[in-house]
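The residues making up each chain are set out below.
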Amino acid sequence: MQVWKFGGTSVGKPERMHSIRNLITSDDHQKIVVLSALSGTTNALLSIADSLKSDQPDEAGEKIEHLKAHYDSFVRELYKTSDGLTKGQKIVENEFSFIRSLTRIRPFTLKQEKELVAEGELLSTQMFQAYLEEADEDAILLPALEFMRVDADGEPELDYTERKLRELLRAHGARKIIVTQGFICRNPRGEVDNLKRGGSDYTASLIGGAIRADEIQIWTDIDGMHNNDPRIVKKTFPIRALTFEEAAELAYFGAKILHPSTITPAKMFGVPVRLKNTMDPQAEGTLIASKTSDQVFKAVAAKDGITALYIHSLRMLNAYGFLRRIFEVFEKYKTPVDLIATSEVSVSVTIDKTDNLPELMAELRTFCDLEEPDYDQTIVCIVGNFSADHAGIALQVLKALEGIPIRMISYGGTEHNISLLMHGRYKAEALNALNEGLFNLVEA
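Note that this is a predicted model, so its numbers are computed, not measured.

The rules we used
Residues numbered from 1 in each chain as written. Predicted model: local features only at pLDDT ≥ 70, side-chain atom pairs only at ≥ 80, totals over all residues. Heavy atoms only, no water. Salt bridge = Lys/Arg side-chain N within 4 Å of Asp/Glu carboxyl O. Helix = DSSP H or I, 4+ residues; strand = E, 2+ residues; numbered from the N terminus. UniProt positions renumbered as here; feature names shortened; annotations may be inferred. Buried < 20%, exposed > 50% of the residue type's maximum accessible area, 1.4 Å probe, protein only. Polar contact = N/O pair within 3.5 Å; in protein donor to acceptor, adjacent residues only side chain to side chain. Axes fitted to C-alpha atoms, helices over the stretch in contact; angles between N-to-C directions. Parallel < 35°, antiparallel > 145°, perpendicular 65-115°, else oblique. Left-handed = near helix turned anticlockwise from the far one by under 90°. Contact = heavy atoms within 4.5 Å. Nonpolar A, V, L, I, M, F, W, Y, C, P; charged D, E, K, R; others polar. Phe/Tyr/Trp six-rings, centres within 6.5 Å; stacked < 30°, edge-to-face > 60°. Lys NZ or Arg CZ within 6 Å of the ring centre and 35° of its normal. Pairing = 2+ DSSP bridges. Domains from an automatic or database assignment. Core = buried A, V, L, I, M, F, W, Y, C linked by side-chain atoms within 4.5 Å. Patch = residues over 30% accessible without salt bridge, like charges linked within 9 Å, V, L, I, M, F, W, Y side chains within 5 Å. Areas by Shrake-Rupley, 256 points an atom, 1.4 Å probe, with all protein chains shown as cover.

## Some remarks on the pattern of salt bridges
(1) Moving on: Enumeration according to the criterion identifies 30 salt bridges in this entry.
(2) Moving on: A salt bridge links Arg100 to Glu65, with the nearest nitrogen and oxygen atoms 2.9 Å apart. With Arg100 in helix H4 (residues 82–102) and Glu65 in helix H3 (residues 57–78), this pair connects stretches of sequence that are 35 residues apart.
(3) Moving on: As a salt-bridge pair, Glu162 and Arg212 come within 3.2 Å of each other at their nearest N and O atoms. Of this pair, Glu162 sits in helix H7 (residues 158–172) while Arg212 sits in the loop between helix H8 (199–210) and strand S7 (215–220), and the two are 50 residues apart along the sequence.
(4) Moving on: Here the salt bridges do not stand alone but share partners, grouping Asp50, Lys53 and Glu113 into one network.

So, in structure tokens, the structure goes:
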């Protein structure tokens, strides 16, 4: 069995749903098909939620009717028969009736917001399954809310998913196409919850790991992961193969094609992940697996919105326990650290979560000196095969970035990553310089 995931742009128009049907029925592989909400829907639902949280039900109502008009038009183009259209219209009416009911709840809480946002995936999957049924495909809808659950910390319960999926597939496993929702799940209280933004990728990987799939395919609107950011750098190329570790580094440090959490379940069970392009299905895409090529430099990514903290011990030398005390403070305020650079009496760290920064800094000042943080920083990450017997790697990176001020360097933590901190204003210059210096790709 394979797991195929399609994102919002891949299902965002009726003709694209038609194309997906052709894709998933083009071979004899049994598939679990994971769908995101139609492109634009999640943002529209969040906007409705904002109006309701601001106690503006009339404004929310107008937004709801505007979104429904889009779905009314969508189903008229999606279905080819009167029976199919009737089913599609009934799905839309039922789900928007529930959406309207949420506008009458006071106060509008986070619980209702999560129920509202889940409607995007509930709509897209029901509409698509009804379309497959209209086309006489052997398909069934398997609601993610029946098998996907997170714990009190918001982490997926993979054992639960594996157990429930085994039961459900035992009942429905003979069907060729099994459609389900990405992103949505239940929490320990049984309430509708989600895997955060981009979580449909994560859903696909969790399902793939749970059923020990032959392969997980993530279908987007780009032909695989590229060696650099094509929004900033004009000359890029798709990477044909990456290891799980290389792909995880790129996803975490800014490669938008893949959700950062996606790789973990796939790696855990050794399930290959293939990135494919719905606009060009014949393109090779990117295969993420245990082995890859020996190419030294694979790709570059960048992560914005970084804050750098510079921490100095009040004691001069041999300040044992200093690092422990620092990171206990970060743990207390649930603030992850990206990069670390240390000397005998100083520590520099970067964070991207600043919700509790004032409290965190106040506690650090009880036993440290702090410089003023650097805001609006960017981490540029170079990923590749940097094993210890490769000489001159750091030199090549730094030579490419000659003339760009660098605040921190992290090298040696893994064999796959060199990360550099710089002000965000240098990001585009750095990505283009690395494209030329590492891949010999020069702008025309």
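## A short note on the UniProt feature "domain: Aspartokinase ACT" (unreviewed entry) in the protein chain
(1) Moving on: Using the residue numbers shown here, the UniProt feature "domain: Aspartokinase ACT" (unreviewed entry) corresponds to residues 380–436.
(2) Moving on: In residues 380–436, helix accounts for 32% and strand for 28%; the two terminal C-alpha atoms are 15 Å from one another.

## Some remarks on the UniProt feature "binding site: substrate" (unreviewed entry) in the protein chain
(1) Moving on: As recorded in UniProt, the feature "binding site: substrate" (unreviewed entry) lies at Thr42 and Glu121. Look at the named residues: they lie 80 residues apart in sequence, but the longest C-alpha span between them is just 8.8 Å, so in the fold they bunch up.
(2) Moving on: Mapping Thr42 onto the fold places it in helix H2 (residues 41–53).
(3) Moving on: According to the relative accessible area criterion, Thr42 is buried, its value standing at 14%.

## Remarks on the side chain of Thr335
(1) Moving on: Relative to the assigned elements, Thr335 resides in the loop between helix H11 (322–332) and strand S12 (340–342).
(2) Moving on: Overall, Thr335 belongs to the buried group, its relative accessible area being 7%.
(3) Moving on: Within the structure, Thr335 has its side chain in polar contact with the backbone oxygen of Tyr333 (distance 3.0 Å).

## Re the packing of H4 against helix H6 (residues 119–134)
(1) Moving on: Viewed as axis vectors pointing N to C, H4 and H6 meet at an angle of 165°, and their least axial separation amounts to 9 Å. One element, H4, and the other, H6, form an angle in the roughly antiparallel class. Crossing handedness for the pair H4 and H6: right-handed. On H6, the residues touching Gly84, Lys87, Ile91, Val92, Glu95, Phe96, Phe98 and Ile99 of H4 are Glu119, Leu122, Leu123, Gln126, Met127, Ala130, Glu133 and Glu134.
(2) Moving on: Taken together, the residues of the contact of H4 with H6 break down into nine nonpolar, two polar and five charged.

## Comments concerning the packing of aromatic side chains
(1) Moving on: Under the defined criterion, the tally for this structure stands at nine aromatic pairs.
(2) Moving on: Centroid distance Phe237 to Phe439: 5.8 Å. Interplanar angle 80°. Geometry classified as edge-to-face. Placement of the pair is Phe237 in the loop between S7 and strand S8 (241–243) and Phe439 in helix H14 (residues 427–439), with a sequence separation of 202 residues.
(3) Moving on: With centroids separated by 5.0 Å and ring planes inclined at 90°, the aromatic side chains of Tyr252 and Phe253 adopt a geometry described as edge-to-face.
(4) Moving on: Here a set of aromatic residues connected by ring pairs shows up, and it is made of Trp4, Phe6 and Trp219.
(5) Moving on: A cation sits over an aromatic face here: Lys31 above Trp4, 4.9 Å from the ring centre.

## A few points about the pairing of strand S15 (residues 374–384)
(1) Moving on: Among the 11 residues of S15, nine are classified as buried, and the element is accordingly described as predominantly covered.
(2) Moving on: The pairing of strand S11 (residues 297–313) with S15 spans eight bridges and is antiparallel. The residue bridging Ala308 from the neighbouring strand is Asp374, located in S15.
(3) Moving on: Two elements, S15 and strand S17 (residues 417–423), share seven bridges in a ladder whose sense is antiparallel. From the neighbouring strand, Val380 faces S17, where its bridge partner is Leu420.

## A look at the domain arrangement of the protein chain
(1) Moving on: By the assigned domains, the protein chain splits into domain 1 (2–220) and domain 2 (298–439).
(2) Moving on: Each of domain 1 and domain 2 has a C-alpha centre, and the two are 38 Å apart.

## Re the nonpolar core
(1) Moving on: Counting 60 residues, the largest nonpolar core has Val3, Ile207, Met225, Leu250, Leu258 and Ile288 as its most contacted members.
(2) Moving on: Core analysis: the second largest hydrophobic core is formed by 39 residues, Val33, Leu52, Phe96 and Phe108 among them.

## Comments concerning the packing of helix H1 (residues 14–24) against H3
The description of two helices packed together rests on the angle between their axes and the distance between the axes.
(1) Moving on: Contact geometry of H1 with H3 gives a least axis separation of 8 Å together with a crossing angle of 45°. In this view, H1 runs oblique relative to H3, as classed from their interaxial angle. Considering how the two elements wind past one another, H1 and H3 form a crossing that is right-handed. Contacts from Pro14, Met17 and His18 of H1 reach H3 at Phe74, Glu77 and Leu78.
(2) Moving on: Considering only residue class, the contact of H1 with H3 consists of four nonpolar, one polar and one charged.

## Some words on a nonpolar patch on the surface
(1) Moving on: Among the surface-exposed residues, Leu398, Ile409 and Tyr411 lie close enough to one another that they form a single nonpolar patch of about 270 Å² accessible area.
(2) Moving on: As for its placement among the helices and strands, Ile409 is situated in strand S16 (residues 408–411).

## A look at unusual backbone geometry
(1) Moving on: For the bond from Arg106 to Pro107, the omega torsion is -10°, close enough to zero to count as cis.
(2) Moving on: Looking at where Pro107 falls in the secondary structure, it is placed in the loop between H4 and helix H5 (110–117).
(3) Moving on: A positive phi angle, close to 60°, is found at Asp55, a residue other than glycine.
(4) Moving on: Mapped onto the elements, Asp55 comes out in the loop between H2 and H3.
(5) Moving on: In the Ramachandran plot, Arg212 falls in the positive-phi region, its phi being about 55° despite a non-glycine side chain.
(6) Moving on: Judged by relative accessible area, which is 41%, Arg212 ranks as partly exposed.

## Some remarks on the pairing of S16
(1) Moving on: Alignment of S16 against S17, held across four bridges, turns out to be antiparallel. Each residue of the ladder has a partner; that of Tyr411, found in S17, is Ile418.
(2) Moving on: The antiparallel pairing of S16 with S17 creates a hairpin that spans five residues between the two strands, and Gly412 there sits at a positive phi of about 110°.

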